[in-house]
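# A closer look at the structure
Given next are the chains, with one letter for each unit.
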Amino acid sequence: MKLGKRWLPAHLLVWTYAVLLIVPLYYFLASAFKSNEEIFAHPFALPSSFGFGNFRTAYDSADLGTAVVNSALVTVLALALTLLLALPAAFALARSTSRLASAMEKIFSLGFLIPTFAALFPTFLLAAATGLFHTRLFMVFFLPATAMPLSVVILVQFMRTIPREMEEAARMDGASTYTVLRHIYIPMCLPGIATVLLLNFLTFWNEYLYSLIIIGPDPEQRTVQVALPTLKAITGTDYGVLTAGTVLTLVPVWVVYTVLQKRMQQALVNGAVKA
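Counting from 1, residues in each chain are numbered in the order their sequence is written. Only residues with pLDDT of 70 or above have their local features reported here, since the model is predicted, and side-chain atom pairs are shown and tallied only from 80 upward, although totals for entire chains, interfaces and linings are computed over all residues. Only heavy atoms go into the side-chain values, all of them from the structure, while hydrogens and water stay out.

## Looking at the environment of H183
- Put simply, DSSP marks the helices as runs of H or I at least four residues long and the strands as runs of E at least two long, and each gets a number from the N terminus on. Summarising the element assignment, H183 is placed in helix α9 (residues 177-188).
- Along the primary structure H183 and S48 are separated by 135 residues, whereas in three dimensions their C-alpha atoms are 56 Å apart.

Listed below in structure tokens is the structure:
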């Protein structure tokens, strides 16, 4: 009983936080099935019908099918390039004890201090100079550059927890540096890799400013975050359609989070235990 009373404030805070999350989520999902009149007249009531008219309108009006494919293409390629660059970099920094490696790690950490909008004009000039302005390819190269500080810092901390004896044993068996990275460090860092993938996926998928400026509003190339605001102009601010379109774009996020959440939770638990 004493233990239960002691945990009562914590339970109240948890349930309060859950309600604060569930109520807006319910309102958001319910609005996707309503007309403007229903949303304003009965905002928290259940929809009168669960038809998919709003979803069809949103999908067709903003050409969301093409936009989702573009976003998926840019995001997947950018994530692959991020891991291709971050894993060897983190491996080298984690194994080295030199001052140069320590300085390089601090330089990566300084990347957190650069505001996103601060690099907009130089990025625009770079895209124009390389001839990749208004293309998805430039975003595939640009997004990993923005993700390197976070990715490298996270992976370095995971790789430093791996005992060096395992690498030394592999070296004695004739393993190369690539083999050590491939068969020892990467499998043991899967929770960290999943964390990097999930965090960067959310960032890449939801990126709007640079996608709008670099790729532009071309329906054949624009990403889903650029396509969504066009619903406001096309449908005359039909909030039901706008909400339905947003729900459609959140489905890939939910799928990826469902797949990677266990790995990320494992990473957080491991970090707490080591701390």
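## What about the layout of surface pockets?
- Considered as a void within the structure, the largest pocket measures approximately 530 Å³ in volume.
- The wall of the largest pocket is formed by 20 residues, among which I114, T116, A145, T146 and A147 lie closest to the centre.
- Counting only elements with at least two residues in the lining of the largest pocket, the list comes to α7 (136-159) and α10 (190-206).
- Its residues placed into classes, the lining of the largest pocket shows 14 nonpolar, 5 polar and 1 charged.
- Here a cavity denotes grid points, spaced 1 Å and computed from the protein atoms alone, that fit a 1.4 Å probe unable to get out, and a pocket denotes an open set having protein on both sides within 12 Å along at least 5 of 7 lines; residues with an atom within 4 Å of a point are the lining. Grid points are joined across faces, edges and corners, and a volume is the space filled by probe spheres set on the points. Looking at the second largest pocket, its volume works out to about 320 Å³.
- Looking at the second largest pocket, the residues that line it are L25, F28, L29, V247, L250, V251, V253 and W254.
- Counting only elements with at least two residues in the lining of the second largest pocket, the list comes to α1 (2-31) and α14 (239-274).
- The residue classification treats Ala, Val, Leu, Ile, Met, Phe, Trp, Tyr, Cys and Pro as nonpolar and Asp, Glu, Lys and Arg as charged. All others, Gly included, are polar. A per-class count over the lining of the second largest pocket returns 8 nonpolar, no polar and no charged.

## Looking at the side chain of R222
- If you trace the backbone, R222 turns up in the loop between α11 (209-215) and α12 (224-227).
- Summary of the burial criterion: residues with accessible area below 20% of their type's maximum are buried, those above 50% are exposed, and those between are partly exposed, where the area comes from a 1.4 Å probe applied to protein chains only. Residues scored as positive are Lys and Arg, those scored as negative are Asp and Glu, and His as well as the terminal groups of each chain are ignored. One speaks of a salt bridge when a side-chain nitrogen belonging to Lys or Arg is within 4 Å of a carboxyl oxygen belonging to Asp or Glu. D63 provides the closest opposite charge to the buried, unpaired R222, separated from it by 5.7 Å.
- When neighbours within four sequence positions are excluded, R222 is seen to be in contact with A62, D63, A67, N70, I215, G216, P217, A227 and T230. A contact between two residues is defined here by any heavy atoms of the two lying within 4.5 Å.

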